[in-house]
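These are the residues of each chain, in order.
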Amino acid sequence: MKLFNFHTHNKSEEYGIINISPGEYLIEGKIYSCGLHPWDIDNDYQEKIEKTEQLAGKNKIVAIGEAGFDSKSPADFNLQKDIFRKHVGISEKYNKALIIHCVKYYNELIALKKEIKPAGAWVIHGFRGKIQIASELLKHGFYFSVSESLLIDRNKAEQFFNLIPADKIFFETDDSDYMIENIYNFASVQYKISLEELVLQINRNLESIGIWVG
Ligand SMILES: [Zn+2]
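Everything numeric here is computed off the predicted structure, so don't read it as measured data. (Residues numbered from 1 in each chain as written. Predicted model: local features only at pLDDT ≥ 70, side-chain atom pairs only at ≥ 80, totals over all residues. Heavy atoms only, no water.)

1. Observations concerning the overall build of the chain
Part 1 of the argument: Check the secondary structure of the chain and you find 7 helices and 8 strands.
Part 2 of the argument: Relative to a compact globule of 214 residues, whose C-alpha radius of gyration would be 17 Å, the chain shows 16 Å and is just as compact.
Part 3 of the argument: Counting only residues that meet the buried cut, the chain has 50% of its 214 residues in that class.
Part 4 of the argument: Considering only intrachain contacts with a sequence separation of at least 6, the fraction spanning at least 24 residues in the chain is 65%.
Part 5 of the argument: Just so you have it, the chain exposes about 10400 Å², and 48% of that area is on carbon and sulfur atoms. (Helix = DSSP H or I, 4+ residues; strand = E, 2+ residues; numbered from the N terminus. Rg over C-alpha atoms; globule rule 2.2 N^0.38 Å. Buried < 20%, exposed > 50% of the residue type's maximum accessible area, 1.4 Å probe, protein only. Contact = heavy atoms within 4.5 Å. Areas by Shrake-Rupley, 256 points an atom, 1.4 Å probe, with all protein chains shown as cover.)

2. Regarding the pattern of salt bridges
Part 1 of the argument: All chains considered together, the criterion is met by 8 salt bridges.
Part 2 of the argument: We note a salt bridge from Lys 60 to Glu 28, for which the minimum N-O separation is 3.2 Å. Note that Lys 60 is positioned in the loop between helix H1 (45–56) and strand E4 (61–69) and Glu 28 in the loop between strand E2 (16–20) and strand E3 (31–34), a separation of 32 residues in sequence. (Salt bridge = Lys/Arg side-chain N within 4 Å of Asp/Glu carboxyl O.)

3. A word on the coordination of the zinc ion
Part 1 of the argument: Ligation of the zinc ion by protein atoms is provided by His 7 (NE2), His 9 (NE2), Glu 66 (OE) and Asp 174 (OD), these donors lying 2.1 to 2.2 Å from the ion.
Part 2 of the argument: Considering all 4 donor atoms around the zinc ion, angles at the metal cover 88 to 177° and the coordination shape is irregular.
Part 3 of the argument: Counting residues between consecutive donors of the zinc ion along the chain gives the motif H-x1-H-x56-E-x107-D. Of the two residues, His 7 sits in strand E1 (residues 5–8) while Glu 66 sits in strand E4, which places them 59 residues apart along the sequence. Just as His 7 is buried, Glu 66 falls in that class too. (Donors = N, O, S within 2.8 Å, 3.2 Å for Na, K, Ca; no water. Tetrahedral: all angles 85-135°; square planar, octahedral: opposite > 155°, others 65-115°.)

4. Quick word on unusual backbone geometry
Phi is mostly negative for residues that are not glycine, and the peptide bonds are mostly trans.
Part 1 of the argument: Put simply, Gly 65 and Glu 66 share a cis peptide bond, and its omega is 5°.
Part 2 of the argument: Phi is positive for Lys 117, close to 45°, though the residue is something other than glycine.
Part 3 of the argument: Inspection of the secondary structure assignment puts Lys 117 in the loop between helix H3 (106–116) and strand E6 (122–125).
Part 4 of the argument: Here Lys 192, not a glycine, exhibits a phi torsion of approximately 55°, which is positive.
Part 5 of the argument: Residue placement: Lys 192 occurs in the loop between helix H6 (180–191) and helix H7 (195–208).

Okay, structure coming up:
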């Protein structure tokens, strides 16, 4: 059974969304997300955003990002916000979901979503924050993509799956060498559904955000 990996930096992933930076090559038969990570904001950011926009119309690009906010970004918050808005604009223009990297700044992210009212899906990737924050994000229509790193705190992981319905979830490995099976298996136990049912649910979730993987 193939388990879809929603967000990975592993260029050889066969069944998932490979995250690339603007300017990297696309390989036939694979699907990608493209955007400017908040860590990678430098003096060339405008050019990188233009490159992202040039790629955004391609079928192989199924999502925009990862984009967002991080206290470790070399850019100040206002610049991160400007750059995030540009990613939102591209995501809306090309009807591609937005993959969001967010460390701290969740309140600001929610405020932006309320202000912009995007038509496209906003997916928080690598979520490991507080349950109360997850609850706020859920109320505002965010999707979540989580990796095995969530399981470091089992208790919190159980609360998380108790809160987040199966139609708002995706699974990923990000830049780790985790086996995607582990987080799928944990979630299927939490949701009290079989792995087969969970896989079908993830396919429906992908379709609901405009991604068809066959
Ligand atoms: Zn990533």
